[in-house]
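Coordinates in review
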Amino acid sequence: MLKIVYAPDPMLKKVCEPLSQVDDHHRDLIKKMFEAMYEANGVGLAAPQVGINKRIFILDSGAREEEKKPLIMINPSLVSIDDKTVSYEEGCLSFPEHFAEIDRPDQLTIKYLDENNKKKTLTTDGFTSRIIQHELDHLNGILFVDYLSRLKRDVIIRKMKKFKKENNSSNDKKI
Ligand code: NI
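Here goes a summary of the coordinates provided. Just so it is clear, the model here is predicted, and its values are computed rather than measured. Per chain, residue numbering runs from 1 following the sequence as it is written. With the structure being a predicted model, the display of local features is reserved for residues of pLDDT at least 70 and the display and counting of side-chain atom pairs for 80 or more, all residues being used for whole-chain, interface and lining totals. Working from all heavy atoms in the structure, the side-chain values ignore hydrogens and water.

Some thoughts on the overall build of the chain
Inclusion rule: Only DSSP runs of H or I reaching four residues or more are called helices, and only runs of E reaching two or more are called strands; each is numbered from the N terminus. Radius of gyration here uses only the C-alpha atoms, and the compact-globule reference equals 2.2 Å multiplied by the residue count raised to the power 0.38. Pairs of residues are marked as contacts when any of their non-hydrogen atoms sit within 4.5 Å. Charge assignment: positive for Lys and Arg, negative for Asp and Glu; neither His nor the chain ends contribute. Note that the charge is assigned to NZ on lysines, CZ on arginines, CG on aspartates and CD on glutamates.
Along its length, the chain carries 3 helices and 7 strands. Mapped from its N terminus to its C terminus, the chain presents α and β elements in the order α-β-β-β-β-β-β-β-α-α. A globule of 175 residues ought to have a C-alpha radius of gyration of about 16 Å, and the chain, at 16 Å, matches this closely. With respect to the three principal axes, the spread of C-alpha positions in the chain is 45 × 40 × 35 Å. In the chain, the share of contacts with a sequence separation of at least 24, taken over all contacts with a separation of at least 6, comes to 65%. Looking at charge distribution, the chain has the averaged site of its 29 positive side-chain charges lying 6 Å from that of its 28 negative ones.

Brief notes about the coordination of the nickel ion
Rule in force here: A 2.8 Å cut-off from the metal defines N, O and S donors, relaxed to 3.2 Å for Na, K and Ca; water is not in the atom list, so some sites may appear incomplete. Here's how the labels work: a residue is buried when its accessible area is under 20% of the maximum for its type, exposed when over 50%, partly exposed in between, all with a 1.4 Å probe on protein chains only.
Listed as protein donors to the nickel ion are Cys92 (SG), His134 (NE2) and His138 (NE2); their distances from the metal cover 2.1 to 2.2 Å. In terms of primary sequence, the donors binding the nickel ion are separated according to C-x41-H-x3-H. Here Cys92 is found in the loop between strand 4 (85-90) and strand 5 (100-105), whereas its partner His138 is found in helix 2 (residues 126-139), with 46 residues between them in sequence. Across the pair, exposure class does not vary: Cys92 and His138 are buried alike.

With respect to the side chain of Asp137
This is how the line gets drawn: Here a polar contact means two N or O atoms within 3.5 Å. Within protein one must be a hydrogen donor candidate and the other an acceptor candidate, and residues neighboring in sequence count only if both atoms are side-chain atoms.
By the element assignment, Asp137 lies in helix 2. According to the relative accessible area criterion, Asp137 is buried, its value standing at 11%. A polar contact is formed between the side chain of Asp137 and the side chain of Arg104, at a distance of 3.0 Å. In this structure, Asp137 is in contact with Arg104, Ile142 and Tyr147, ignoring residues within four places of it in sequence.

Observations concerning the side chain of His134
On the secondary structure map, His134 appears in helix 2. Within polar-contact distance, the side chain of His134 engages the side chain of Glu90 at 2.8 Å. Not counting residues up to four positions away in its chain, the partners in contact with His134 are Glu90, Gly91, Cys92, Arg104 and Phe144.

A closer look at the sheet that holds strand 2 (residues 56-60)
What counts is decided by this rule: Any two strands with at least two DSSP-identified bridges between them are counted as paired. Orientation is described by lines fitted to C-alpha atoms, with helices fitted over the stretch in contact, and by angles between N-to-C directions that extend from 0 to 180 degrees.
In space, the 5 strands of this open sheet follow the order 1-2-3-6-7, with antiparallel pairing throughout. Only two strands of the sheet have a single partner each, and these edge strands are strand 1 (44-46) and strand 7 (119-124). Sheet twist, expressed as the mean angle between neighbouring strand axes with direction ignored, is 40°. As judged from the 5 bridges shared by strand 3 (residues 70-81) and strand 6 (residues 108-113), these two strands associate in the antiparallel manner. Looking at strand 6, one finds that Leu78 is bridged to Ile110. Each of strand 1, strand 2 and strand 3 is contacted by helix 1 (residues 24-39), which is oriented at about 40° to strand 2, the strand it contacts most. Set on the sheet, helix 2 makes contact with strand 1, strand 2, strand 3, strand 6 and strand 7; between it and strand 2 the angle comes to about 155°.

What about the packing of aromatic side chains?
Quick note on the threshold: Classification of ring pairs uses Phe, Tyr and Trp, with its six-membered ring standing for Trp, and accepts pairs whose centres are within 6.5 Å; under 30 degrees between planes counts as stacked, over 60 as edge-to-face, and the remaining range as tilted.
All chains considered together, the criterion is met by 4 aromatic pairs. Ring centres of Tyr6 and Phe163 lie 5.2 Å apart, and the angle between their planes is 75°; this geometry places the pair in the edge-to-face category. Note that Tyr6 is positioned in the segment before helix 1 and Phe163 in helix 3 (residues 150-174), a separation of 157 residues in sequence. Of the residues examined, Tyr6 reaches a relative accessible area of 26% and is grouped as partly exposed. Residue class for Phe163 comes out partly exposed when judged on its relative accessible area of 25%. Judged by centre distance (5.8 Å) and plane angle (40°), the ring pair of Tyr88 and Phe127 falls under tilted.

Set out below in structure tokens:
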């Protein structure tokens with residue numbers, strides 16, 4: 001099982017590299033990313049969150065429901081995005097147990113490659129659009145806490161440092 005990188009970590013602040021072509025190695029990575037995302041009860045996961053500096057993310061707006069809707073986006077780029085913003089409570093697998101209301105545009109159109117190197121375009125809004133914007137940010141080293149006030153961000157980062165410390169020491173005990 002892939003290990004999810006917790007914030008704060010320099011890996012999460014890097015701008016990721018585009019793929020020249022999707023190969024079996026990437027398809028294997030994507031399969032493992034889905035396993036890690038579903039295991040962590042997440043709805044989206046970007047490659048840097050598993051320590052890979054590539055422009056790949058996955059999402060499934062139906063991950064917590066019966067009907068799964070897996071999507072894979074490679075080298076994604078926004079074609080257009082709404083002016084109108086909506087507020088929604090976001091979380092992130094790199095920030096377990098932390099949530100915050102974030103304003104983002106609603107409708108967007110995005111183009112990307114799928115796992116078979118096919119060019120795709122998707123226009124969407126609501127939850128799917130929200131996840132896409134959050135994951136796209138990950139590929140540019142932007143985290144949801146970056147939209148918060150410095151005070152709120154610092155509180156979360158401090159708690160995450162403590163959480164990582166405790167997690168590491170409990171892992172040590174197991175060994
Ligand atoms: Ni995230």
